[in-house]
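Coordinates in review
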Amino acid sequence: VSSLLTRCRTFKVLVIGDSAVGKTCLTHRLCAGEFPSRVEATIGVDFRERQLDIHGEKIKLQLWDTAGQERFRKSMVQHYYRNVHAVLFVYDVTCPASFCSLTAWIEEFRQNSLGQEIPRFLVGNKSDLRDPSRTDSQVSQEQATSFAKAHGMMCFETSAKNPPNKCGSGRRGDGEVLYQQ
Ligand code: GDP
Ligand code: MG
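A brief look at the structure comes next. (Residues numbered from 1 in each chain as written. Chains lettered and ligands numbered in written order. Predicted model: local features only at pLDDT ≥ 70, side-chain atom pairs only at ≥ 80, totals over all residues. Heavy atoms only, no water.)

With respect to the overall build of the protein chain
Helix and strand content of the protein chain: 6 helices and 6 strands. Its helices and strands taken in sequence order, the protein chain reads α-β-α-β-β-α-β-α-α-β-α-β from the N to the C terminus. Taking the intrachain contacts of the protein chain between residues at least 6 apart in sequence as the baseline, contacts between residues at least 24 apart amount to 69%. For the protein chain, the exposed area adds up to about 9,800 Å²; of that, 51% sits on carbon and sulfur atoms. (Helix = DSSP H or I, 4+ residues; strand = E, 2+ residues; numbered from the N terminus. Contact = heavy atoms within 4.5 Å. Areas by Shrake-Rupley, 256 points an atom, 1.4 Å probe, with all protein chains shown as cover.)

Structure (structure tokens):
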């Protein structure tokens, strides 16, 4: 990925997943460094940018956030899937239905991305709401790991609200990696 980054000035990343899994909050957290106090439902496609310094090279990370609604997706799809460098497939760890939907999201991505081989990541959001006593109504890390493996993705669990490990060394607020495949 870093060799790809150094070649691209703007790095386009799609954020895909069901409504309410936290796509808007995650992109806000990544680009503004904070959890938004209030989010509007996303209409159509929105993007936010963040400037990164990778080995001395200035890179623009452009996060494309979408509305989950079918009626918006259809009209935006072509523009949206063009020149993509990476995809985040997001689900809510406390909402198994959002995890089940990923198969359809991945299939839609496959159909529209014209066979581009790009890095894809599985992101389980809202880890702050994980309740160890209620495993039946949550997506386990084992489920996520095996799903990611089956689809050739890296997987992460995070929280846009309370990033698991807030550390002070320049990565604050990014939603830290808890585990990865
Ligand atoms: P989107 O439809 O996928 O863009 O989801 P939003 O970003 O609009 O978030 C949906 C709801 O989930 C909002 O009420 C957020 O405040 C809440 N939310 C998003 N991320 C988190 C998180 O990491 N933890 C918690 N507890 N709530 C979150
Ligand atoms: Mg949204």
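Digging into the nonpolar core
If you look at the biggest cluster of nonpolar residues, it comprises 23 residues, and the most contacted ones within it are Leu-14, Ile-16, Phe-89 and Leu-122. Elements that contribute at least two residues to this core include exactly β1 (10-16), α3 (70-81), β4 (86-92), α5 (102-112) and α6 (141-150). Sort the elements by how many residues they give to this core and α5 lands first, with 4 residues. In terms of nonpolar packing, the next biggest core, distinct from the first, is built from 17 residues, Val-15, Cys-25, Ile-54 and Ala-160 among them. (Core = buried A, V, L, I, M, F, W, Y, C linked by side-chain atoms within 4.5 Å. Buried < 20%, exposed > 50% of the residue type's maximum accessible area, 1.4 Å probe, protein only.)

A word on the site of ligand 1
Lining the immediate surroundings of ligand 1 are 17 residues, of which Ala-20, Lys-23, Thr-24, Cys-25 and Asp-128 lie closest. Contacts to ligand 1 include Ala-20, whose backbone N or O atom sits 2.7 Å from an oxygen atom. With respect to ligand 1, the side chain of Asn-125 contributes an N or O atom lying 3.1 Å from a nitrogen atom. At 3 residues, the largest contribution of residues to the shell around ligand 1 is made by helix α2 (residues 23-32). Considered class by class, the residues forming the shell around ligand 1 number 7 nonpolar, 5 polar and 5 charged. (Near = heavy atom within 4 Å. Polar contact = N/O pair within 3.5 Å; in protein donor to acceptor, adjacent residues only side chain to side chain. Nonpolar A, V, L, I, M, F, W, Y, C, P; charged D, E, K, R; others polar.)

Brief notes about the side chain of Gln-138
Tracing the backbone through its elements, the reader meets Gln-138 in the loop between β5 (120-125) and α6. The class of Gln-138 is buried, set by a relative accessible area of 8%. One polar contact links the side chain of Gln-138 to the main-chain carbonyl oxygen of Asp-131, over a distance of 3.0 Å. Here the side chain of Gln-138 touches Arg-134 through a polar contact of 3.3 Å, landing on its backbone oxygen. When sequence neighbours within four positions are dropped, the list of residues in contact with Gln-138 reads Val-93, Thr-94, Pro-96, Arg-130, Asp-131 and Gln-143.

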